[in-house]
Amino acid sequence: MKIFTQVSLLLLLWHFTFPAHAAKLDAEQAFKQLTALVGTWKGRFSDGREHSVNYRLTAGGTVLVETWTLSKMRESMTLYHLDGDTVMATHYCPQGNQPRLVLASNEDRMNFTFRDGSNLNVPGKSHQHSFWLQIKDNDHFQRNENYVENGMALKITSIEDPKETVSYTRVTEKQALQ
């Protein structure tokens with residue numbers, strides 16, 4: 001009976017400690033996957049417009065900086081970092097708001113959902129409410145974003161695919177020099 005009690009206690013202890021450890025490993029693994037994006041990428045919208053996205057590490061490799069160049073005078077930035085057992089993405093939008101999103105799942109694609117944000121009360125503007133990112137291979141990934149109008153009392157419980165998924169291709173050093 002004593003051995004049964006000890007084994008039961010060990011199993012109970014393992015059951016309650018393993019999920020927290022697994023979640024932390026998943027966040028660390030997801031962040032590591034994101035760091036594979038370091039470099040410059042070209043994306044094309046369905047209407048033919050192109051933009052570039054650059055990824056670089058900062059703060060001793062603990063923050064991934066994503067810089068979108070939409071035109072010469074229009075740029076946005078998202079900073080990714082670990083926050084306990086999740087990955088946080090803070091988006092600095094040209095509309096002047098800063099939504100914070102958290103990694104909600106990381107199965108075949110990384111799904112980020114809205115947590116909170118600042119400057120979300122400006123009427124007539126919108127903010128990023130969710131996005132997903134799927135790394136296909138070393139030179140290709142896809143991204144899909146969902147924006148909602150500021151002030152909307154909207155609660156999204158799952159990732160809703162916006163109308164357009166953008167495909168990205170890594171820009172080689174040779175292409176960047178041209």
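Here we summarise the structure given alongside this text. (Residues numbered from 1 in each chain as written. Predicted model: local features only at pLDDT ≥ 70, side-chain atom pairs only at ≥ 80, totals over all residues. Heavy atoms only, no water.)

For the rest of this paragraph, the subject is the layout of surface pockets. Empty space within the largest pocket amounts to approximately 550 Å³. Those elements that provide at least two residues to the lining of the largest pocket are strand E2 (50-58), strand E3 (63-71), strand E4 (74-83), strand E8 (126-137), strand E9 (140-149) and strand E10 (165-170). Looking at the lining of the largest pocket, the element that brings in the most residues is E9, giving four residues. Here the residues of the lining of the largest pocket sort into nine nonpolar, seven polar and seven charged. (1 Å grid on protein atoms, 1.4 Å probe; cavity = no way out; pocket = protein on both sides within 12 Å on 5 of 7 lines; lining within 4 Å. Points joined across faces, edges and corners; volume = space filled by probe spheres on them. Helix = DSSP H or I, 4+ residues; strand = E, 2+ residues; numbered from the N terminus. Nonpolar A, V, L, I, M, F, W, Y, C, P; charged D, E, K, R; others polar.)

Turning our attention to the sheet that holds E2. Adjacent strands of a sheet pair through backbone hydrogen bonds, lying either parallel or antiparallel. In space, the ten strands of this closed barrel follow the order E1-E2-E3-E4-E5-E6-E7-E8-E9-E10, with antiparallel pairing throughout. Going across the sheet, the axis of each strand differs from the next one's by a mean of 25°, ignoring polarity. Pairing analysis gives seven bridges linking E4 to strand E5 (residues 86-92), with the strands arranged antiparallel. By the bridge assignment, Leu-82 is partnered in E5 with Val-87. (Pairing = 2+ DSSP bridges. Axes fitted to C-alpha atoms, helices over the stretch in contact; angles between N-to-C directions.)

Take the pairing of E2 next. Note that strand E1 (residues 39-44) and E2 share six bridges and pair antiparallel. Its bridge partner being in E2, Gly-39 is matched across the sheet by Tyr-55. Hairpin connection between E2 and E3: a loop of four residues separates the two successive antiparallel strands, and Ala-59 in this loop has a positive phi of roughly 55°.

Across soluble globular proteins, nonpolar side chains show a tendency to be buried alongside one another. Counting 23 residues, the largest nonpolar core has Leu-34, Tyr-55, Tyr-80, Val-87 and Phe-112 as the members making the most contacts within it. Looking at this core, the elements with two or more residues in it are helix H1 (2-35), E2, E3, E5, strand E6 (98-106), strand E7 (110-118), E8 and E10. Non-local contacts of Tyr-55, meaning those with residues more than four positions away in its chain, are made with Leu-37, Val-38, Gly-39, Trp-41, Leu-64, Val-65, Glu-66, Tyr-80, Leu-133, Phe-141 and Arg-143. (Core = buried A, V, L, I, M, F, W, Y, C linked by side-chain atoms within 4.5 Å. Buried < 20%, exposed > 50% of the residue type's maximum accessible area, 1.4 Å probe, protein only. Contact = heavy atoms within 4.5 Å.)

Bringing the environment of Glu-173 into the picture now. Along the polypeptide, Glu-173 turns up in helix H2 (residues 173-177). For Glu-173, a relative accessible area of 70% puts it in the exposed group. Put simply, Glu-173 and Gly-39 are 134 residues apart on the chain and 9.4 Å apart in space, counted from C-alpha to C-alpha.

Bridging between E7 and E8 involves four bridges; their strand directions are antiparallel. Directly across from Thr-113, in E8, lies its bridge partner Ser-130. As defined by bridge partners, E8 adjoins E9 across ten bridges and the pair is classed as antiparallel. When the sheet's bridge partners are listed, Trp-132 is paired in E9 with Asn-144.

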